[in-house]
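Below are the chains, spelled out letter by letter.
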Amino acid sequence: QVQLAESGGGLVQAGGSLRLSCVASGIPTFSYRVGWFRQAPGKEREFVSGINWPGARTEYADPVKGRFSVSRENVKKIVYLQMDNLNPEDTATYYCATTESRGWDILTTGTAYTIWGHGTQVTVSS
């Protein structure tokens, strides 16, 4: 069974960068669509970015366009979320999720994803 584990979160000043990693285990290849979501305290979970397999298509939420970049290393079974020019509004717990399906389209709703990691905290100070 697929398991996901996020890492790379931390405390960073506004304008700084972080790279989150989502590592898949329990499967020989990680050939599924992956989404990144975030949830801030008191707010609903929101879509951040997504990538299909093998990575030819990506999508971003408007608040992060031009600042975040998603990519994947299929052999290593890792999906990355590079986050640049962070601001305090990016503070949240970030989760990666997968659909266990390939597909071309990027799924932007959380209910479409069946397997989730435990999340990694990102805190951006002003």
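What counts, and at which threshold
- Residues numbered from 1 in each chain as written.
- Predicted model: local features only at pLDDT ≥ 70, side-chain atom pairs only at ≥ 80, totals over all residues.
- Heavy atoms only, no water.
- Helix = DSSP H or I, 4+ residues; strand = E, 2+ residues; numbered from the N terminus.
- Rg over C-alpha atoms; globule rule 2.2 N^0.38 Å.
- Buried < 20%, exposed > 50% of the residue type's maximum accessible area, 1.4 Å probe, protein only.
- Pairing = 2+ DSSP bridges.
- Polar contact = N/O pair within 3.5 Å; in protein donor to acceptor, adjacent residues only side chain to side chain.
- Contact = heavy atoms within 4.5 Å.
- Salt bridge = Lys/Arg side-chain N within 4 Å of Asp/Glu carboxyl O.

Caption draft 1: Geometry of the overall build of the protein. If you tally the helices and strands in the protein, you get zero helices and eleven strands. Put simply, the protein runs from its N terminus to its C terminus through helices and strands in the order β-β-β-β-β-β-β-β-β-β-β. Since a compact globule built from 126 residues should have a radius of gyration of about 14 Å, the 13 Å found for the protein is in line with a globular shape. Overall, the protein is about 40 × 25 × 25 Å in size when its C-alpha atoms are taken along their principal axes.

Caption draft 2: Main features of the pairing of strand 8 (residues 78-83). In terms of burial, strand 8 is largely enclosed, as five of its six residues are buried. Judged from the six bridges that link them, strand 7 (residues 68-73) and strand 8 form a sheet pairing that is antiparallel. Bridge assignment links Arg72 to a residue of strand 8, and that residue is Val79. Between strand 7 and strand 8, which pair antiparallel one after the other, the connecting turn spans four residues, and Lys77 there sits at a positive phi close to 60°.

Caption draft 3: Focus on the side chain of Arg38. Within the secondary structure, Arg38 is located in strand 4 (residues 34-39). In this structure the side chain of Arg38 is engaged in a polar contact, spanning 2.9 Å, whose partner is the side chain of Tyr94. Filtering out sequence-adjacent residues up to four positions away, Arg38 remains in contact with Glu44, Arg45, Glu46, Val48, Pro63, Val64, Phe68, Glu89, Asp90, Ala92, Thr93 and Tyr94.

Caption draft 4: Representation of the pattern of salt bridges. A full pass over the atoms with the stated rule returns six salt bridges. For the salt bridge of Arg38 with Asp90, the shortest nitrogen-to-oxygen distance reads 2.9 Å. With a gap of 52 residues between them, Arg38 in strand 4 and Asp90 in the loop between strand 8 and strand 9 (92-98) connect regions that are remote in the sequence. The pair formed by Arg38 and Asp90 is uniform in burial state, with each residue classed as buried. A salt bridge links Arg57 to Asp105, with the nearest nitrogen and oxygen atoms 3.4 Å apart. Of the two residues, Arg57 sits in the loop between strand 5 (46-51) and strand 6 (58-60) while Asp105 sits in the loop between strand 9 and strand 10 (115-116), which places them 48 residues apart along the sequence. One network of salt bridges, with partners in common, ties together Arg38, Glu46, Arg67 and Asp90.

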